[in-house]
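Letter by letter, the chains look like this.
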Amino acid sequence: MYDLIIAGSGPAGLAAGIYAKRAGLNAIVMERDGVSGGQVLSTYEVDNYPALPGISGMDLGSKMREHADRLGVEFVTENITGISDVDGFITVHGEGNEYFTNGVIIATGAHHAELGVKGEKEFQGMGVSYCATCDGAFFTGRDVAVVGGGDVAVEDAIFLARNCRKVYLIHRRDSLRAASSLQEALKKYDNVEYVWNSNVSEICGNDMVEYVNVVNKISGETRRIDLNGVFVAVGIIPNSESFKGIADMDEKGYLIAGEDCRCSTARIYAAGDVRTKQLRQIVTAVADGANAVTSFQADIIG
Ligand code: NAP
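Residues numbered from 1 in each chain as written. Predicted model: local features only at pLDDT ≥ 70, side-chain atom pairs only at ≥ 80, totals over all residues. Heavy atoms only, no water.

1. Digging into the site of the ligand
Phase 1 of the analysis: Near the ligand you find 18 residues, and of these Gly149, Asp151, Arg172, Arg173 and Arg177 are the closest.
Phase 2 of the analysis: Between the ligand and Arg173, the relevant distance is 2.7 Å, taken from an oxygen atom to a side-chain nitrogen or oxygen of the residue.
Phase 3 of the analysis: With respect to the ligand, the backbone of Arg280 contributes an N or O atom lying 3.4 Å from an oxygen atom.
Phase 4 of the analysis: Of the residues forming the shell around the ligand, the biggest block, three residues, is contributed by helix H4 (residues 151-161). (Near = heavy atom within 4 Å. Polar contact = N/O pair within 3.5 Å; in protein donor to acceptor, adjacent residues only side chain to side chain. Helix = DSSP H or I, 4+ residues; strand = E, 2+ residues; numbered from the N terminus.)

What follows is the structure, given as C-alpha cells:
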C-alpha cells in the first residue's frame, strides 16, 4: 500500500517524485520503459529553463533523474493499463501487477500527432520522422521538410538547417505560432524556405520518401517538392487513454484540472502536459509536479 503513485517520469513526474520524497511519503514513480525524461529527451536545446540556458534536453532530463536518484526516489518500470477507484480504494493496474495507493498523480505527458495524409504511415522510418534530434543526422547534406508552425516545428527546422542542404518549413497559415525568439533564430539560416498557407496532401516515393505534394490553400495550386525527409511537428496528443473514466477529460483527452492539479475524482491529480493548461513547457510541468504533491498532502491531512 503506497501513500502516492506517480504515473510517468517526465519533468512533472520527476518533480513530483522529488517533492514526495522530501515530504517523507511512501511513493513510487512508475515509468513505461525504464527511461526518464519524457519528451525533453528529444529536445535538442532548451533555452527557457531558468538558470540552465542552452542545456540539451538529454542533459536536463538526466539531471532531473539524477536529482531524484540522489534523494532515493523509487522507480518501478511497468506500463499502466488503468486506475480503478472503488469507494475511495484506489488501485493502479499495471501489465503484470496491481498497486494499492491513497493517491495517484497522472503525469504521463503527451505524444506527437500525425498528419493523417497518404504516404505518412507507409514511409515512417523511411523518410518520415517525428523527431528531428533523433533522426536529423540521417539527412545531413540532403533536403527535408518540417510540417507545422509551433515551437517544435521551428526548433526542428533550426536543428535541421544546421546540417541539411535545404529545409522547407510547410505551414498551413501565413504566420507561425512558435515563440518569437525561435522565429528570430530560424531567420539566421538562409537555407530555409517558408511554404506558407499550404497543406501536405501526399508523401510519395518508392522505397524511401522522394517528394511531397503541397496544396496552397489560397491559390488551390499543387506544388511538388523533391526531398528526402519529412519531419512532422503538428502538435501533441495527451497520453491519457488508460485513464478514461477515472476522471473528467476535455474533448481532446486532457485531464481537467487547475493549477492545484486536482482532477474530478478525489486523490487523483494530473500534472504536466496531460493536464488542461495554458502553457505546456518544462517549467510549468515541474511546477505541476510540486503542486500535485502539495494538493495530495493537503487532501490527506484534511
Ligand atoms: P503546437 O504548439 O500545438 O503547434 C502545432 C502546429 O502544427 C501549429 O502550428 C498548427 O497549426 C500545426 N498543425 C496542427 N495540426 C495540423 C495539421 N493537421 N496539418 C498541418 N498543420 C497542423 O504543438 P508543438 O509545436 O508540438 O508544441 C506542443 C507544446 O509543447 C506547445 O505548448 C509548446 O509550446 C510546447 N513546447 C515547449 C518547448 C519549450 O518549452 N522550449 C519546446 C517545444 C514545445 P496552427 O498554428 O494553424 O494551429
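2. Observations concerning the packing of aromatic side chains
Phase 1 of the analysis: Taken as a whole, this structure holds four aromatic pairs when the rule is applied.
Phase 2 of the analysis: Ring centres of Phe139 and Phe231 lie 5.4 Å apart, and the angle between their planes is 80 degrees; this geometry places the pair in the edge-to-face category. Of the two residues, Phe139 is situated in the loop between helix H3 (132-135) and strand E10 (143-147) and Phe231 in strand E16 (residues 229-232); the sequence distance between them amounts to 92 residues. Per residue, the accessibility class of Phe139 equals that of Phe231, and both read buried.
Phase 3 of the analysis: Here the basic side chain of Arg65 rests over the ring of Phe75, its NZ or CZ set 3.6 Å away from the ring centre. (Phe/Tyr/Trp six-rings, centres within 6.5 Å; stacked < 30°, edge-to-face > 60°. Buried < 20%, exposed > 50% of the residue type's maximum accessible area, 1.4 Å probe, protein only. Lys NZ or Arg CZ within 6 Å of the ring centre and 35° of its normal.)

3. With respect to helix H1 (residues 11-22)
Phase 1 of the analysis: The end-to-end C-alpha distance of H1, which contains twelve residues, comes to 16 Å, matching closely the 16 Å that a straight helix rising 1.5 Å per residue would cover.
Phase 2 of the analysis: Extensive coverage of H1 is indicated by the burial of nine of its twelve residues.
Phase 3 of the analysis: The complete set of buried residues in H1 reads Pro11, Ala12, Gly13, Leu14, Ala15, Ala16, Gly17, Ile18 and Ala20.
Phase 4 of the analysis: Residues of H1 that are buried in the fold lie against strand E1 (4-7), strand E2 (27-31), helix H2 (57-71), strand E3 (74-77), strand E7 (104-106) and helix H6 (282-301).
Phase 5 of the analysis: Count one or two residues on from H1 and you reach Gly24, which has phi positive near 80 degrees. (Expected span 1.5 Å × (residues − 1). Contact = heavy atoms within 4.5 Å.)

4. Concerning the pairing of strand E13 (residues 198-205)
Phase 1 of the analysis: In terms of strand pairing, E13 meets strand E14 (residues 209-216) through seven bridges, oriented antiparallel. Considered in E14, the bridge of Glu202 is made with Asn213.
Phase 2 of the analysis: Counting the residues in the hairpin turn of E13 and E14 gives three residues. (Pairing = 2+ DSSP bridges.)

5. Comments concerning the pattern of salt bridges
Phase 1 of the analysis: Throughout the structure, instances matching the rule amount to 14 salt bridges.
Phase 2 of the analysis: The salt bridge partner of Glu31 is Arg65, with a shortest N-O separation of 3.2 Å. With Glu31 in strand E2 and Arg65 in helix H2, this residue pair connects regions lying 34 residues apart in the sequence.
Phase 3 of the analysis: Judged by its relative accessible area of 3%, Glu31 falls in the buried class.
Phase 4 of the analysis: Under the relative-accessibility criterion, Arg65 is labelled partly exposed at 22%.
Phase 5 of the analysis: A salt bridge links Glu193 to Lys166; the shortest N-O distance between them is 2.8 Å. With Glu193 in strand E12 (residues 192-195) and Lys166 in strand E11 (residues 166-170), the pair connects residues that are 27 residues apart, well separated along the chain.
Phase 6 of the analysis: On the basis of relative accessible area, Lys166 is assigned to the partly exposed category, the value being 25%.
Phase 7 of the analysis: Three or more residues joined by partner-sharing salt bridges are found here, namely Glu31, Arg65 and Asp69. (Salt bridge = Lys/Arg side-chain N within 4 Å of Asp/Glu carboxyl O.)

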